[in-house]
Amino acid sequence: MQAGTELRITRPDDWHLHLRDGAMLRTALPYAAELFGRAVIMPNLRPPVRSVQEAAAYRRRILDRLPPGNGFQPLMTLYLTEVTSLQEIRRARQTGWLAAIKLYPQGATTHSEQGVSRVKQIYPVLEALQELGLPLSVHGEINDQDVDIFDREAVFIERVLEPLRRDFPDLKIVLEHVSSRTGVDYVRAAAAGLAASITPHHLLINRNQLLAGGLNPHLYCLPVAKREEDRQAVLRAAVSGDPRFFFGSDSAPHWVVNKEKSGGSAGIFNSPTALPAVVQLFEESGALDSLEAFCSLNGARFYGLPPNQDSLILRKTAEPVRVPDSIGEGETRVKVFQAGGPLFWQVVQGLRPGREVLDRPVPAL
Ligand code: NCD
Ligand code: ZN
């Protein structure tokens, strides 16, 4: 495609996003808020967002950081524990701004210590979710030291997801950040009600980029990047136009000091590059026709929401777009996902007030 070519798409949404809190929220928010209409905000803070009240307060902290004219809508989630009450679920349904309940298998990923280990304990909650039509968002990896880390998605599907779907056939479920051929095939074969979010990094990298030629902790995330055949299966699903697959960046920032150490954290900060990287990959795959479905339509449809009313214009550039290697300084520096190489797509219309306003220094109290 020629430099100068322009592409208009309905404003995209991010159906899986970690915005964190405090200083990291200030760093991460602008990059998502200037671009995406809505985002599903993951609840794995410390302590986790377990009640509607906590979710309302977190939502307020996000909204308070948006400049006037930025209509970004955070769609909140609740962190499911074995003691989440039915009352909380009913409250969640009534808010109108709570998109899903998030299931973390205990210990499977960042800040999942309070997640679920005995799935039977949450059966009453699942029953209620099914009845209320509130989606269950699932981190689909088994946490079992006897299961190889590259197989944890497949084993989760077999041991947890399949039985759960049999017992709750009408429950709406998102298999988050699907990362394997097994996962993609499972979603494809399922009846309506099961969907999957797909990240830019699982579209772009395999485990060689993480592990071969020197360990790269900045490409370490969960589920871990897998074989090339898995990446290709995820890519085929994304570009297929199949409405069950949609964009969820899983942008999950950690300070560089916490990534570059023994026991470094899992998570990739990709908000600044996610959209151009996906556009470029769809272009290279000859699939620009499916781009809007993947980024702007399929997710909204699954969540029962209308697509955004406005749009973005992207332009193919002659020169690579400048991407910062990292943002911030010292202890509060975060690395930006480099998308596997130079990017040649840029948003030229539709960006909302974001970076330039939100990066302002925080006034001392
Ligand atoms: C996420 C995080 O850091 O919160 N990390 C990750 O590697 N994706 C948690 C998650 O979504 O698993
Ligand atoms: Zn995540």
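Per chain, the residues get numbers from 1 upward, laid out in the order the sequence is written. Both sets of labels track the order of writing: A upward for chains, 1 upward for ligands. In keeping with the model being predicted, local features are shown solely for residues with a pLDDT of at least 70 and side-chain atom pairs are shown and tallied solely at 80 or more, while totals for entire chains, interfaces and linings include all residues. Computation of side-chain values: all heavy atoms of the structure, hydrogens and water removed.

### Overview of the site of ligand 1
The immediate surroundings of ligand 1 are formed by 15 residues, with Asn44, Thr109, Leu222, Asp250 and His254 found nearest. Separating an oxygen atom of ligand 1 from a side-chain N or O atom of Asn44 is a distance of 2.7 Å. Contacts described as polar in this section are N or O atom pairs within 3.5 Å, which, within protein, must combine one atom able to donate a hydrogen with one able to accept it, while residues neighboring in sequence count only if both atoms come from side chains. At 3.0 Å, a backbone N or O of Ala266 approaches an oxygen atom of ligand 1. Exposure was quantified through the Shrake-Rupley algorithm and a 1.4 Å probe, taking into account, for residues, occlusion by the shown protein chains and nothing else. Against a free-state accessible area of 320 Å², the protein chains account for coverage of 100% of ligand 1. Residues are called lining when one of their atoms sits within 4 Å of a cavity or pocket point, these points coming from a 1 Å grid over the protein atoms alone, where a cavity is a set in which a 1.4 Å probe fits but cannot get out and a pocket is an open set with protein on both sides within 12 Å along at least five of seven lines. Think of it this way: a molecule belongs to a cavity or pocket when more than half its atoms come within 2 Å of the grid points there. Because more than half of its atoms lie within 2 Å of the grid, ligand 1 is assigned to the largest cavity. Residues are grouped as follows: nonpolar covers Ala, Val, Leu, Ile, Met, Phe, Trp, Tyr, Cys and Pro; charged covers Asp, Glu, Lys and Arg; every other residue, Gly included, is treated as polar. Grouping the constituent residues of the shell around ligand 1 by class yields four nonpolar, nine polar and two charged. If a single non-hydrogen atom of a residue is within 4 Å of a molecule or strand, that residue counts as near it.

### Points about the nonpolar core
We call a set of buried Ala, Val, Leu, Ile, Met, Phe, Trp, Tyr and Cys residues a nonpolar core when their side-chain atoms join them within 4.5 Å. Whether a residue is buried, partly exposed or exposed follows from its accessible area with a 1.4 Å probe, protein chains only, as a fraction of its type maximum: under 20%, in between, or over 50%, in that order. If you look at the biggest cluster of nonpolar residues, it comprises 90 residues, and the most contacted ones within it are Leu19 and Phe72. Helical segments are the DSSP runs of H or I of at least four residues, strand segments are the runs of E of at least two, and each set is numbered from the N terminus. Ranked by residues supplied to this core, first place goes to helix 1 (residues 22-33) with seven residues. By size, the runner-up hydrophobic cluster in this structure holds 14 residues, among which are Trp15, Val174, Phe246 and Tyr303.

### Topic: the packing of helix 6 (residues 181-189) against helix 9 (residues 228-239)
In helix packing, the relevant descriptors are the interaxial angle and the interaxial distance, both defined with respect to the helix axes. Contact geometry of helix 6 with helix 9 gives a least axis separation of 8 Å together with a crossing angle of 30°. On the basis of their axis angle, the class for helix 6 and helix 9 is roughly parallel. Where helix 6 approaches helix 9, its residues Arg181, Val184 and Arg188 are matched on the opposing element by Glu229, Asp230, Ala233, Val234, Arg236 and Ala237. Convention adopted: a line fitted to C-alpha atoms gives each axis, helices being fitted over their contacting stretch, and angles between N-to-C directions are expressed from 0 to 180 degrees. For this classification, under 35 degrees means roughly parallel, over 145 means roughly antiparallel, 65 to 115 means roughly perpendicular, and everything else is oblique. In what follows, residue pairs with any heavy atoms lying within 4.5 Å of each other are defined as contacts.

### Here we look at the packing of aromatic side chains
For Phe, Tyr and Trp, where Trp contributes only its six-membered ring, two rings pair if their centres lie within 6.5 Å, and the inter-plane angle classes them as stacked under 30 degrees, edge-to-face over 60, or tilted in between. Taken as a whole and judged by the stated rule, the model has 11 aromatic pairs. Where Trp15 meets Phe246, the ring centres are 6.4 Å apart and the plane angle is 70°; that geometry is what we call edge-to-face. Taken together, the residues span a long stretch of sequence, with Trp15 in strand 2 (residues 14-17) and Phe246 in strand 9 (residues 245-247) at a distance of 231 residues. Each ring, one from Tyr31 and one from Phe269, has its centre 6.1 Å from the other, and the planes form 85°; the classification is edge-to-face. Pair noted here: Tyr31 is in helix 1 and Phe269 is in the loop between helix 10 (256-259) and helix 11 (274-284), with a separation of 238 residues, a long-range link.

### A word on the environment of Ala154
Along the chain, Ala154 falls in helix 5 (residues 152-167). A C-alpha to C-alpha distance of 24 Å links Ala154 and Leu129, two positions 25 residues apart in sequence.

### Considerations on the coordination of the zinc ion (ligand 2)
Note that water is not among the atoms considered, so a metal site may appear incomplete; the donors listed are N, O and S atoms within 2.8 Å of the metal, with 3.2 Å applied to Na, K and Ca. Within the first shell, the zinc ion (ligand 2) binds the protein through His16 (NE2), His18 (NE2) and Asp250 (OD), at distances of 2.0 to 2.1 Å. Taken together, the four donor atoms coordinating the zinc ion (ligand 2) span angles of 91 to 137° at the metal, a pattern that classifies the geometry as irregular. Counting the intervening residues between successive donors of the zinc ion (ligand 2) yields the motif H-x1-H-x231-D. Here His18, found in the loop between strand 2 and helix 1, pairs with Asp250, found in the loop between strand 9 and helix 10; they are 232 residues apart in sequence, far enough to count as distant. Residue class for His18 comes out buried when judged on its relative accessible area of 7%. Given a relative accessible area of 5%, Asp250 falls into the buried group. Under the classification used here, a metal with four donors is tetrahedral if each angle lies between 85 and 135 degrees, square planar if opposite donors are over 155 degrees apart and the others between 65 and 115, a six-donor metal meeting that same test is octahedral, and anything else is irregular.

### Quick look at the layout of surface pockets
Grid points are joined across faces, edges and corners, and a volume is the space filled by probe spheres set on the points. Its volume calculated, the largest pocket comes out at about 300 Å³. Taken together, 17 residues line the largest pocket, and the ones lying closest to its centre are Glu34, Pro272, Pro276, Val321 and Arg355. Here the element with the most residues in the lining of the largest pocket is strand 13 (residues 345-349); it accounts for three residues. Class assignment for the residues of the lining of the largest pocket results in 11 nonpolar, three polar and three charged. Within this model, the second largest pocket holds a volume of roughly 260 Å³. Taken together, 17 residues form the lining of the second largest pocket, with Arg93, Gly96, Leu98, Ala99 and Leu305 sitting closest to its centre. When the residues that make up the lining of the second largest pocket are grouped by side-chain class, the tally is 10 nonpolar, four polar and three charged.

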